[in-house]
Amino acid sequence: MATIELEKLVKRYGKVEAVKGIDLQIADGEFVVFVGPSGCGKSTTLRMIAGLEEISDGTLKIGPEVVNEREPKQRNIAMVFQNYAIYPHMTVRQNIGFGLYTSKLSSEEKDKRIEEAGKILGLSALLDRRPAALSGGQRQRVAIGRAMVRDPAAFLFDEPLSNLDAQLRAQMRIEIKRLHQRLKTTTVYVTHDQVEAMTMADRIVVMKDGHILQVGTPSELYESPVDVFTARFIGSPSMNLIRGTQASSRVEIGAGGNLLIGVRPHDLIAGSSEGGLRLTGTVTAVEPLGPETLVHLDIAEGSVIATARDKIVPDVGSQLTCATAAGSLYLFDGATETFQGRS
Ligand SMILES: Nc1ncnc2c1ncn2[C@@H]1O[C@H](COP(=O)(O)OP(=O)(O)OP(=O)(O)O)[C@@H](O)[C@H]1O
Ligand SMILES: [Mg+2]
């Protein structure tokens, strides 16, 4: 296991700066998730850590050592990609063992590691099958097994689940988390999926345009986002934003306001008339989710999503009043979009 330290790490492709000097310290055994929009530099950062991409500037340390000039195979790091390359002509055992291809371990030790990885990943009964006879999730586990047998100092995952269907993704998410709880290997995980980020991460790193915007635990990011961008990125559906003002301690909505008022759909309760802020509008769509229903509303200041509880499903086209739960508002500066506090 190892710490990973990024100090003013830069990646330039010609004149384009894809990663613009990022600082990050990852603790031994930590599970860190990178999130951010397409093109913000997540994969590039991961590839610099792996040694697959040359570092243009700055310092990368794995453990106490600067590894900028180290070859990937000298860094003792294992990477699992979205398009995992498992070989169709090899058995599961051979595919997992491929991770030890260049290793000098004895063949007994190699066999032992393959068996052990197979056991941990629930592949023991499948070791002599070929990939064609496996499900998508089992194939992804083979790719993880190949990374595991090397007993690396760190695991790097680049959207490893994005090719799987929703149900399998949810299952693999838990499996990877369990694996981490068991092995406690330092892990850096890139994803587009904010549910993966919230549920798996010890800390989340939010990136935008080659910069780090915010680093924090899932609940820190959820409760105190630095700005509108992070606030909208964490939590699903995204936070509603409405123009407004704050006079003494009262928050009021209004088109010309100098604030952006954030309300999570979960905290905007359809049919309720108590609480901090009341909104009335026309229902434009409803999404029943079972225990609750998401209600899309057009209000004078824009459109918002509210939540109806107790199996109430409002009619499309009807008028509906919603209210926020006390203390659930997020206030942002209307010009700079930076976080001002809760109300
Ligand atoms: N080989 C390359 N040559 C030039 N530009 C590149 C190269 N690889 C990546 N880039 C650019 O660097 C930026 C960051 O790319 P990167 O792949 O790290 O983004 P990402 O955050 O992983 O996005 P995604 O979520 O779409 O995978 C992008 O603007 C991309 O176009
Ligand atoms: Mg990427």
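Residues numbered from 1 in each chain as written. Chains lettered and ligands numbered in written order. Predicted model: local features only at pLDDT ≥ 70, side-chain atom pairs only at ≥ 80, totals over all residues. Heavy atoms only, no water.

## Structural notes on the sheet that holds strand β6 (residues 77-80)
Across the sheet, which stays open at both edges, the six strands sit in the order β6-β7-β8-β3-β9-β10 with mixed pairing between neighbours. Each end of this open sheet is capped by a strand with a single partner; those strands are β6 and β10 (211-216). Across the sheet, the axes of successive neighbouring strands diverge by a mean angle of 20°, strand direction being ignored. Bridging between strand β7 (residues 154-158) and strand β8 (residues 186-190) involves five bridges; their strand directions are parallel. (Pairing = 2+ DSSP bridges. Helix = DSSP H or I, 4+ residues; strand = E, 2+ residues; numbered from the N terminus. Axes fitted to C-alpha atoms, helices over the stretch in contact; angles between N-to-C directions.)

## Observations regarding the confidence of the model for the protein
Summing up the model confidence of the protein, the mean pLDDT is 92 and the portion of residues at 70 or higher is 100%. Ranking the elements of the protein by mean pLDDT puts strand β12 (residues 250-253) last with 87 and strand β1 (residues 4-13) first with 98. (pLDDT = per-residue confidence, 0-100.)

## Overview of the pairing of strand β15 (residues 278-288)
Alignment of β15 against strand β18 (residues 319-324), held across five bridges, turns out to be antiparallel. Paired with Thr 280 across the two strands is Thr 321, which belongs to β18. Between β15 and strand β16 (residues 293-299), which follow one another and run antiparallel, lie four residues, and Gly 290 among them has a positive phi close to 105°.

## Points about the sheet that holds strand β11 (residues 240-247)
Strand order in the open sheet formed by five strands is β12-β11-β13-β19-β20, with antiparallel pairing between adjacent strands. Each edge of the sheet is formed by a strand with only one pairing partner; in this case those strands are β12 and β20 (339-342). Between one strand and the next, the sheet's axes are offset by a mean angle of 40°, whatever the strand orientation. Relative to strand β19 (residues 330-333), strand β13 (residues 259-263) runs antiparallel, the two sharing four bridges. Looking across to β19, one finds that Leu 259 is bridged to Asp 333.

## Considering the site of ligand 1
In the vicinity of ligand 1, the contacting residues are Tyr 13, Ala 18, Pro 37, Ser 38, Gly 39, Cys 40, Gly 41, Lys 42, Ser 43, Thr 44, Glu 159 and His 192. Contact distances for ligand 1 include 2.5 Å between an oxygen atom and a side-chain N or O atom of Ser 38. One of the backbone nitrogen or oxygen atoms of Cys 40 is found 3.2 Å away from an oxygen atom of ligand 1. (Near = heavy atom within 4 Å. Polar contact = N/O pair within 3.5 Å; in protein donor to acceptor, adjacent residues only side chain to side chain.)

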